Amino acid sequence: MENSLLHVPSVYAMQLARAYPNIDIKEVFRLAGTHWRIPTYYPSMGTGGYCVPVSSKYVKMGATDPDVLTIINETIKFDQDEPHFIAKIIKHRGGKKVGILGIAYKGDLKVHTLSPALKIINHLTKMGIKVMVHDPYYLQDEIRDITGCSYFSYPDGLNQFDTIVIIPAHRIYSQTPKMTLLKYIKKARLIMDNMGVWEKFREDFKEIGITYCMVGDPNWCI
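Calculation notes
- Residues numbered from 1 in each chain as written.
- Predicted model: local features only at pLDDT ≥ 70, side-chain atom pairs only at ≥ 80, totals over all residues.
- Heavy atoms only, no water.
- Salt bridge = Lys/Arg side-chain N within 4 Å of Asp/Glu carboxyl O.
- Phe/Tyr/Trp six-rings, centres within 6.5 Å; stacked < 30°, edge-to-face > 60°.
- Helix = DSSP H or I, 4+ residues; strand = E, 2+ residues; numbered from the N terminus.
- Buried < 20%, exposed > 50% of the residue type's maximum accessible area, 1.4 Å probe, protein only.
- Lys NZ or Arg CZ within 6 Å of the ring centre and 35° of its normal.

Enquirer: Kindly report on the pattern of salt bridges, identifying the contributing residues and their values.
Expert: Going through the model one piece at a time under the given rule, you end up with 11 salt bridges. Between glutamate 199 and arginine 202 there is a salt bridge, with the nearest N and O atoms lying 3.3 Å from each other.

Here's what the structure looks like:
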């Protein structure tokens, strides 16, 4: 029950990011979170792991009348749809060869249970988009078995993609020096960053013609 209460506001943050694509929803949540009674939630590419995505389903299963739980029902539906929505944005923005950084549902863990990364990869491949994957916590064979996609080396392998999608906040990604990144991402035109791992380089990306966005940025899904 407790985790289902976390699921609802997490998805609400995703919904606001879609409902108001022209404003900085992350800043709205940051300001709301300065109130001592209000926790801070941010939009994302979807929830993952053993607890939050399934907790609402458990609440439904235990209910005498699950149809009454309209908020829970919509939360589950919207969360399941979010990775597909992300994939459609990538296709709409011209992504043809996509590098996925991280398949774990959370940074610096080797756990991909219900990870939104796997759903995004699945939708992209069904759209006919070439996808390759890197995750420092998985072997090359594991990447291929789990995703059905080829592995690429990091950071030098970034030089082959027009679109880069960073999903969990693995430290190896956040600790990559700026000049190293700029050396290898020259072909990229779009970077989508789930957790803001490379947000500190936003202006540097802009200078070389790369669009960088996080979920909830102004115009992130337009």
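Moving on, there is more to tell.
Enquirer: Break down the packing of aromatic side chains for me, citing the residues and quoting the values.
Expert: Summed over the entire model, instances satisfying the criterion amount to 6 aromatic pairs. Relative to tryptophan 220, the ring of phenylalanine 85 has its centre 5.9 Å away and its plane inclined at 70°; by these criteria the two rings are edge-to-face. Of the two residues, phenylalanine 85 sits in helix H4 (residues 70-92) while tryptophan 220 sits in the segment after strand E6 (211-213), which places them 135 residues apart along the sequence. For tryptophan 220, a relative accessible area of 0% corresponds to the buried category. Residues phenylalanine 201 and phenylalanine 205 carry aromatic rings whose centres are separated by 6.2 Å and whose planes lie at 75° to one another, so their mutual orientation is edge-to-face. Its relative accessible area of 8% is what places phenylalanine 201 among the buried residues. Residue classification places phenylalanine 205 among the buried positions, given a relative accessible area of 0%. Here the aromatic cluster, defined as three or more aromatic residues joined through ring pairs, consists of Trp198, Phe201, Phe205 and Tyr212. The lysine or arginine in question, arginine 18, covers the ring of phenylalanine 85, its NZ or CZ lying 3.9 Å from the ring centre. Between the NZ or CZ atom of lysine 110 and the centre of the ring of tyrosine 138, over which it lies, the distance is 5.3 Å.

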